[in-house]
There are 2 protein chains.
Amino acid sequence: MRIGELAARTGTTRDTIRFYERVGLVEGRRLPNGYRDFAPETVEWLAYVRTAQTLGFTLAEIARHGEELREAPDSADALSALFEQKIQVVDARMAELAALRAELTDRVGTGCPLRTA
Amino acid sequence: MRIGELAARTGTTRDTIRFYERVGLVEGRRLPNGYRDFAPETVEWLAYVRTAQTLGFTLAEIARHGEELREAPDSADALSALFEQKIQVVDARMAELAALRAELTDRVGTGCPLRTA
DNA sequence: CTAAACACTGGACTACGCTCCAAGGTCAAG
DNA sequence: CTTGACCTTGGAGCGTAGTCCAGTGTTTAG
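Rules behind the numbers
Residues numbered from 1 in each chain as written. Chains lettered and ligands numbered in written order. Predicted model: local features only at pLDDT ≥ 70, side-chain atom pairs only at ≥ 80, totals over all residues. Heavy atoms only, no water. Helix = DSSP H or I, 4+ residues; strand = E, 2+ residues; numbered from the N terminus. Buried < 20%, exposed > 50% of the residue type's maximum accessible area, 1.4 Å probe, protein only. Contact = heavy atoms within 4.5 Å. Areas by Shrake-Rupley, 256 points an atom, 1.4 Å probe, with all protein chains shown as cover. Salt bridge = Lys/Arg side-chain N within 4 Å of Asp/Glu carboxyl O. Near = heavy atom within 4 Å. Polar contact = N/O pair within 3.5 Å; in protein donor to acceptor, adjacent residues only side chain to side chain. Nonpolar A, V, L, I, M, F, W, Y, C, P; charged D, E, K, R; others polar. Axes fitted to C-alpha atoms, helices over the stretch in contact; angles between N-to-C directions. Parallel < 35°, antiparallel > 145°, perpendicular 65-115°, else oblique. Left-handed = near helix turned anticlockwise from the far one by under 90°.

1. Remarks on the overall build of chain A
So, step 1. Each helix and strand counted, chain A has 5 helices and 2 strands in total.
So, step 2. Mapped from its N terminus to its C terminus, chain A presents α and β elements in the order α-α-β-β-α-α-α.
So, step 3. A burial count over chain A gives 36% of its 117 residues as buried.
So, step 4. Considering only contacts within chain A whose residues lie at least 6 apart along the sequence, 46% involve residues at least 24 apart.
So, step 5. With the model as given, the accessible surface of chain A reaches about 6600 Å², and the carbon-plus-sulfur share is 52%.

2. Quick look at the pattern of salt bridges
When the charged atoms of two side chains lie near each other, side chains of opposite charge can form a pair.
So, step 1. Per the stated rule, a full pass over the model turns up 12 salt bridges over all chains.
So, step 2. For the salt bridge of A:Glu5 with A:Arg9, the shortest nitrogen-to-oxygen distance reads 3.4 Å. Of the two residues, A:Glu5 and A:Arg9 both sit in helix H1 (residues 3-10), 4 residues apart, roughly one turn of that helix.
So, step 3. Residue classification places A:Glu5 among the partly exposed residues on the basis of a relative accessible area of 42%.
So, step 4. For A:Arg9, a relative accessible area of 49% corresponds to the partly exposed category.
So, step 5. With its nearest N and O atoms 3.7 Å apart, the salt bridge here joins B:Arg30 to B:Glu21.
So, step 6. Since its relative accessible area comes to 46%, B:Arg30 is described here as partly exposed.
So, step 7. Among the charged side chains, a network of salt bridges with common partners joins A:Glu21, A:Arg30 and A:Arg36.

3. Observations regarding the protein's contact with DNA strand C
So, step 1. If you check the shell around DNA strand C, you find 18 residues, and the closest are A:Arg18, A:Arg36, B:Asp15, B:Tyr35 and B:Gln53.
So, step 2. Sugar plus phosphate: this is where 73% of the atoms of DNA strand C within 4 Å of the protein reside.
So, step 3. Within the contact set of DNA strand C, a phosphate oxygen lies 3.1 Å away from a side-chain nitrogen or oxygen of A:Arg30.
So, step 4. Within the side chain of B:Asn33, an N or O atom sits 2.9 Å from a phosphate oxygen of DNA strand C.
So, step 5. Those elements that place two or more of their residues in the surface near DNA strand C are H1 and helix H2 (14-22) of chain A together with helix H2 (14-22) of chain B.
So, step 6. When residues in the surface near DNA strand C are grouped by element, the largest group, 4 residues, is from H2(B).
So, step 7. Partitioned by chemical class, the residues of the surface near DNA strand C number 6 nonpolar, 6 polar and 6 charged.

4. Let's talk about the protein's contact with DNA strand D
So, step 1. The environment of DNA strand D is made up of 18 residues, and the closest members are A:Asp15, A:Asn33, A:Gln53, B:Arg18 and B:Arg36.
So, step 2. Sugar plus phosphate: this is where 75% of the atoms of DNA strand D within 4 Å of the protein reside.
So, step 3. Contact distances for DNA strand D include 2.8 Å between a phosphate oxygen and a side-chain N or O atom of A:Asn33.
So, step 4. Separating a phosphate oxygen of DNA strand D from a backbone N or O atom of B:Gly4 is a distance of 2.8 Å.
So, step 5. Per-element tally for the surface near DNA strand D: the top contributor is H2(A), with 4 residues.
So, step 6. Grouping the amino acids of the surface near DNA strand D by side-chain chemistry returns 6 nonpolar, 6 polar and 6 charged.

5. Looking at the packing of helix H1 (residues 3-10) of chain B against helix H3 (residues 42-54) of chain B
All names here are of chain B.
So, step 1. Two numbers describe how H1 lies on H3: the axes approach to 10 Å, and their chain directions differ by 45°. In terms of axis orientation, H1 runs oblique to H3. As for how H1 packs across H3, the hand of that crossing is right-handed. For the pair H1 and H3, the contacting residues are Leu6, Arg9 and Thr10 in the first and Thr42, Val43, Leu46 and Arg50 in the second.
So, step 2. Classifying every residue of the contact of H1 with H3 by side-chain character gives 3 nonpolar, 2 polar and 2 charged.

Everything listed here is a matter of geometry and, on its own, says nothing about what the molecule does.
Here's what the structure looks like:
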């Protein structure tokens, strides 16, 4: 698959895919004419990249995790570890968020706004 | 309070505070010699800014919310609305995350890794 | 054969959130 | 009166994640 088709199929742009290649997120063979040639699985991989990104992973992390998973003896365990780790981060954020809301509600109720100035 | 003390008390740097001033996140009076002079509440305000930031708000959003709250007729309601909104975003992300984990677990179990290439 | 559509590269540019630096002004202690 | 800590400004630079462009080559359809 050439870059234009991959871009169309993943809802990205050619430029973004070339950028992803530069940072090691995707790899493509080259055709004799120098055009990139991507495997069909790259479509799913890019969908995964986008999901992981909305979950707060950086591109560098996603690339690193991808490599770790390819090298992991037991991908199922590695994946579980990875995502349970991320869930813990999100849980922690939710807890912070809840604590902050409580704190703010209290403070506003007692007539102590955050920003008097 | 001058900038150095504020920086020390909030765990930031002078440069960061000057940057925050440029983007409208903090406001300070000036002493006759030109030095910035911050109100004591600025310490709490900056603590709040940092918390809001870790929760995924951009500095622009935080600044805007600060202004909205100062102008809001009922700050308690405004705050609640603001944070319940953000909690919904986080909840949605957690749901996505849970869905993704389930999907990944399934896929790895059935011998279909994300990245065959 | 030509034109359109697609591909390539390198480099500039953007927004965000800082971080560092140079050159200079202010102030309190010794 | 000097030294050192502290403050000022403007501007450069950085990492992340792209986005856009110019100039050029390739492929495909009429």
